[in-house]
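Commentary on secondary and tertiary structure
Okay, here's what each chain looks like letter by letter:
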Amino acid sequence: MSSTVSDYRLDGIYRQRQEGFFMQRVKLTAGVISAGQARAVAALSTRFGQGNIHLTTRGSLEIHWIRENDLAEVKRSLLAAGLTSRGACGGAVRGVTCASQGALGFPTVETLARRIHRHFTANPRFERLPKKFKIGVEADASSRRHLIQDVGLLLAGSHDGVARYDLFVAGGLGREPQPGFLFESGVSENRVIPLIEAIARVYAAHTPPGKRLKHLVGSIGEPEFRRLVAQEPSAVEELPPVTGLPENLLPPAGLRRIVAGVLAGELTSDQLLALADFADRWGGGFLVATVDQDIAFHVDQTLDPARAAGALEQAGFSRGEVCLRVCPGSHLCLAGLSSTRDIAANVLEGMGPAGRGLSWALSGCPNSCTQPQLAEVGIVTSGLVRSEDGQRSPRFDLYRSGDDAFGRLAESNLTLDQLYGKLRQIG
Ligand code: SF4
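Things to note about the overall build of the protein
Regarding its fold elements, the protein presents 13 helices and 18 strands. Structurally, the protein occupies a C-alpha span of about 60 × 55 × 50 Å along its principal axes. The buried share among the 427 residues of the protein stands at 49%. In the protein, the share of contacts with a sequence separation of at least 24, taken over all contacts with a separation of at least 6, comes to 63%.

Some remarks on the packing of helix α4 (residues 106-120) against helix α5 (residues 189-206)
Any two packed helices are characterised by the angle at which their axes cross and by the distance between the axes. α5 packs onto α4 with a crossing angle of 30 degrees between their chain directions and a minimal axis gap of 11 Å. The orientation of α4 with respect to α5, classified from their angle, is roughly parallel. Taken as a pair, α4 and α5 cross one another with a handedness that is right-handed. From α4, L112, R115, I116 and H119 reach across to α5, where they touch E189, V192, I193 and I196. Broken down by class, the residue content of the contact of α4 with α5 amounts to five nonpolar, one polar and two charged.

A word on the site of the ligand
Neighbouring the ligand are C327, P328, G329, C333, A335, G336, S363, G364, C365, N367, S368 and C369. Residues that form the shell around the ligand fall into these classes: six nonpolar, six polar and no charged.

Here we look at the domain arrangement of the protein
Segmenting the protein into domains produces domain 1 (5-87 + 251-314), domain 2 (106-236) and domain 3 (323-426). Between the C-alpha centres of domain 1 and domain 2 the distance comes to 26 Å. On the side of domain 2, 11 residues touch domain 1, which itself brings 10 residues to the contact. In terms of residue class, the side of domain 1 that touches domain 2 is made up of six nonpolar, three polar and one charged.

Examining the sheet that holds strand β14 (residues 323-326)
Spatially, the five strands line up as an open sheet ordered β14-β15-β16-β17-β18, and their pairing is mixed. The open sheet terminates on both sides in strands that have one partner only, identified here as β14 and β18 (408-414). When strand polarity is set aside, the average angle formed by the axes of neighbouring strands in this sheet is 20 degrees. Along the sheet, helix α11 (residues 340-349) contacts β14 and β15 (359-363); its crossing angle with β14, the most-contacted strand, is approximately 165 degrees.

A look at the environment of A344
Along the polypeptide, A344 turns up in helix α11. Along the sequence, A344 and I196 sit 148 residues apart, while their C-alpha atoms lie 37 Å from each other. Beyond its immediate stretch of four places on either side in the chain, A344 contacts A264, L324, V326 and L362.

Description of the nonpolar core
Within the largest apolar cluster, 121 residues are counted, with the highest numbers of intra-cluster contacts made by A38, V41, I199, L275, L287, V288 and F297. For this core, the leading source of residues is α5, giving eight residues.

Describing unusual backbone geometry
For A122, which is not a glycine, the phi torsion comes out positive at approximately 65 degrees. Along the polypeptide, A122 turns up in the loop between α4 and β6 (135-138). Taking the C-beta count within 10 Å as the criterion, A122 has 14 such neighbours and is therefore assigned partly exposed.

The rules behind each value
- Residues numbered from 1 in each chain as written.
- Predicted model: local features only at pLDDT ≥ 70, side-chain atom pairs only at ≥ 80, totals over all residues.
- Helix = DSSP H or I, 4+ residues; strand = E, 2+ residues; numbered from the N terminus.
- Buried ≥ 20, exposed ≤ 12 C-beta atoms within 10 Å, placed from the backbone.
- Contact = placed C-beta atoms within 7 Å.
- Axes fitted to C-alpha atoms, helices over the stretch in contact; angles between N-to-C directions.
- Parallel < 35°, antiparallel > 145°, perpendicular 65-115°, else oblique.
- Left-handed = near helix turned anticlockwise from the far one by under 90°.
- Nonpolar A, V, L, I, M, F, W, Y, C, P; charged D, E, K, R; others polar.
- Near = placed C-beta within 6 Å.
- Domains from an automatic or database assignment.
- Pairing = 2+ DSSP bridges.
- Core = buried A, V, L, I, M, F, W, Y, C linked by C-beta atoms within 7 Å.

Here is the structure:
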């Protein structure tokens, strides 16, 4: 194969911690995937991986344990199923995410998410960016996910039948969490894509390699950033309205949304197949990957949601009682500093009733992929410390939510035993 590792990233592929193995990420726009596509992913995982699928906190899917020689066939099979991985990793516009899939406005934002995805995915003008470029489209602000994107769009109503969005920029978590700031309110949906183009061009032209948009804004200041964006011709461009039939795949959820809890986002291929069958029977043929690493279904209004919930339990899925987001950590990820899945199992085992009512997130390194700063209890593996006997052991930071946009740092540099002790106090 002639591709470089860098090229692999643009195809949504990362090297795994285990030598010779790769992870393939699959972009799902706003988390939506058809039952047939889910079966295709399950089949690929069985054939080329180890029969496991990881659900990410951006509503994407990951297949691990793929060998290099199989990567091209995996890509072909994904394309044949109408799925894409282009730009799912590396310096590209990542999968367009949505946390408000259960909101009444979801069909509107799903439609916009599809247009943004279509415009930027595999568009060479917006590949090889300094680092990842994340876009999220939300129907309401409750999840605060619009604050952690390079561009976060929040539905703000409509005018003359045209949806309007408040547009936030330069948010992000990682080592230096930074809430996005309101760049412009009430942006017409016909201006959204050209305005994102302008922002991405400024980002590409003025940011050192390896840095996010938040670093650019931090270094040049908001006024200068606004001035640079305003200089881009597309910043004021308004595209013709898109006409035609609706593009959203899901009807409004209302009270008929059912969630299948998936612990730590770990699914087997057989479980994904069972969920695909459930989607065909109860969910109009679609599964919805959530930012909490679960799978949701929007049950058809003509069907009985209570019977649907019973069928889900019969298929072996709980209703997602505990919200605990967990990344693969040192089990699979090259950057991982702690064995997150083992720690999560211990945390769950020791969790009392009070803890079960909270949202939790555990990240295996300061990259904070599980968004711990948005959880009521957030745990970040902050580093490794070498003890006198030469062993390296992880240290943890603990975040607790408060009135601010992001949780505040409550404890830092805890050993694992100290962390468990603090968590027991929470409940
Ligand atoms: S938080 Fe760190 S360890 Fe976990 S998936 Fe992200 S990069 Fe890997």
